[in-house]
Amino acid sequence: MTAVDREVLRIDRIACTGHGQCAELLPELITLDEWGYPVQHGAVVPRSLRSYAGRAVRACPRLALRTDRR
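What counts and what doesn't
- Residues numbered from 1 in each chain as written.
- Predicted model: local features only at pLDDT ≥ 70, side-chain atom pairs only at ≥ 80, totals over all residues.
- Heavy atoms only, no water.
- Buried < 20%, exposed > 50% of the residue type's maximum accessible area, 1.4 Å probe, protein only.
- Helix = DSSP H or I, 4+ residues; strand = E, 2+ residues; numbered from the N terminus.
- Arc of directions from axis to C-beta.
- Contact = heavy atoms within 4.5 Å.
- Core = buried A, V, L, I, M, F, W, Y, C linked by side-chain atoms within 4.5 Å.

Quick look at helix H2 (residues 50-59) now. Turn by turn, an α-helix covers 3.6 residues, leaving residues three or four places apart pointing in a common direction. Turning to H2, its buried residues are Arg50, Ala53, Gly54, Ala56 and Val57. Angular distribution of buried residues about the axis of H2 spans 160°; they occupy a single face of the element. In H2, the exposed positions that point more than 90 degrees away from the buried face belong to Ser51 and Arg58. Buried residues in H2 make contact with strand S1 (7-11), helix H1 (21-25) and strand S4 (65-69).

Structure follows, in C-alpha coordinates:
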(Lines give C-alpha, C1' and ligand atoms only; values in the text may rest on other atoms or scores of the structure.)
Protein backbone atom coordinates (compact mmCIF):
# COMPACT_ATOMS: atom_id res chain seq x y z
CA MET A 1 0.00 0.00 0.00
CA THR A 2 1.45 3.33 -1.02
CA ALA A 3 0.78 6.65 0.66
CA VAL A 4 -1.47 7.69 -2.26
CA ASP A 5 -3.47 4.48 -1.87
CA ARG A 6 -4.90 5.48 1.52
CA GLU A 7 -8.35 6.91 2.03
CA VAL A 8 -8.87 8.94 5.21
CA LEU A 9 -12.24 9.69 6.80
CA ARG A 10 -12.91 13.24 8.02
CA ILE A 11 -15.79 14.64 10.08
CA ASP A 12 -16.42 18.39 10.07
CA ARG A 13 -17.65 18.80 13.64
CA ILE A 14 -18.83 22.37 13.01
CA ALA A 15 -21.04 21.41 10.06
CA CYS A 16 -22.40 18.24 11.72
CA THR A 17 -25.83 18.54 13.33
CA GLY A 18 -25.94 15.01 14.75
CA HIS A 19 -28.32 13.18 12.42
CA GLY A 20 -26.45 9.91 13.04
CA GLN A 21 -26.78 8.44 9.55
CA CYS A 22 -23.02 8.05 9.24
CA ALA A 23 -22.91 5.79 12.31
CA GLU A 24 -25.77 3.68 10.95
CA LEU A 25 -24.07 3.26 7.57
CA LEU A 26 -20.49 2.86 8.81
CA PRO A 27 -20.60 1.43 12.37
CA GLU A 28 -17.14 -0.10 11.94
CA LEU A 29 -15.56 3.37 11.97
CA ILE A 30 -18.17 5.69 13.52
CA THR A 31 -20.30 5.55 16.67
CA LEU A 32 -22.39 8.22 18.36
CA ASP A 33 -21.65 9.97 21.62
CA GLU A 34 -24.28 10.56 24.31
CA TRP A 35 -25.58 13.67 22.46
CA GLY A 36 -25.91 11.88 19.11
CA TYR A 37 -22.80 13.29 17.45
CA PRO A 38 -20.35 11.05 15.58
CA VAL A 39 -17.19 9.73 17.17
CA GLN A 40 -14.62 8.48 14.69
CA HIS A 41 -12.77 5.22 15.42
CA GLY A 42 -9.87 5.18 13.02
CA ALA A 43 -9.10 7.65 10.28
CA VAL A 44 -7.85 5.31 7.56
CA VAL A 45 -10.65 3.55 5.71
CA PRO A 46 -9.78 -0.09 4.97
CA ARG A 47 -10.23 -1.19 1.36
CA SER A 48 -13.06 -3.49 2.37
CA LEU A 49 -15.06 -0.53 3.74
CA ARG A 50 -14.43 2.07 1.03
CA SER A 51 -17.75 1.57 -0.74
CA TYR A 52 -19.58 1.82 2.59
CA ALA A 53 -17.63 4.96 3.49
CA GLY A 54 -18.60 6.49 0.15
CA ARG A 55 -22.25 5.69 0.80
CA ALA A 56 -22.05 7.31 4.25
CA VAL A 57 -20.42 10.43 2.76
CA ARG A 58 -23.16 10.74 0.12
CA ALA A 59 -25.91 10.26 2.75
CA CYS A 60 -24.70 12.99 5.11
CA PRO A 61 -27.43 15.67 5.03
CA ARG A 62 -25.04 18.45 6.13
CA LEU A 63 -22.04 17.36 4.02
CA ALA A 64 -20.02 17.09 7.23
CA LEU A 65 -18.45 13.73 6.34
CA ARG A 66 -15.85 13.30 3.63
CA THR A 67 -12.97 11.10 2.56
CA ASP A 68 -9.58 12.32 1.40
CA ARG A 69 -7.04 10.33 -0.56
CA ARG A 70 -3.51 10.40 0.80
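Phi is mostly negative for residues that are not glycine, and the peptide bonds are mostly trans. Backbone geometry at leucine 63 places phi at a positive 55°, although glycine is not the residue there. Looking at the secondary structure, you find leucine 63 in the loop between H2 and S4. Using a relative accessible area of 68% as the deciding quantity, one classes leucine 63 as exposed.

Counting residues in hydrophobic clusters, the biggest one holds 17 residues, and the most contacted among them are Leu9, Leu26, Leu29, Ile30, Val45 and Leu65. Counting only elements with at least two residues in this core, the list comes to S1, H1 and H2. If one sorts the elements of this core by residue count, H2 sits on top with three residues. Discounting residues that sit within four places of it in the chain, isoleucine 30 has contacts with Leu9, Cys22, Ala23, Pro38, Val39, His41 and Leu65.

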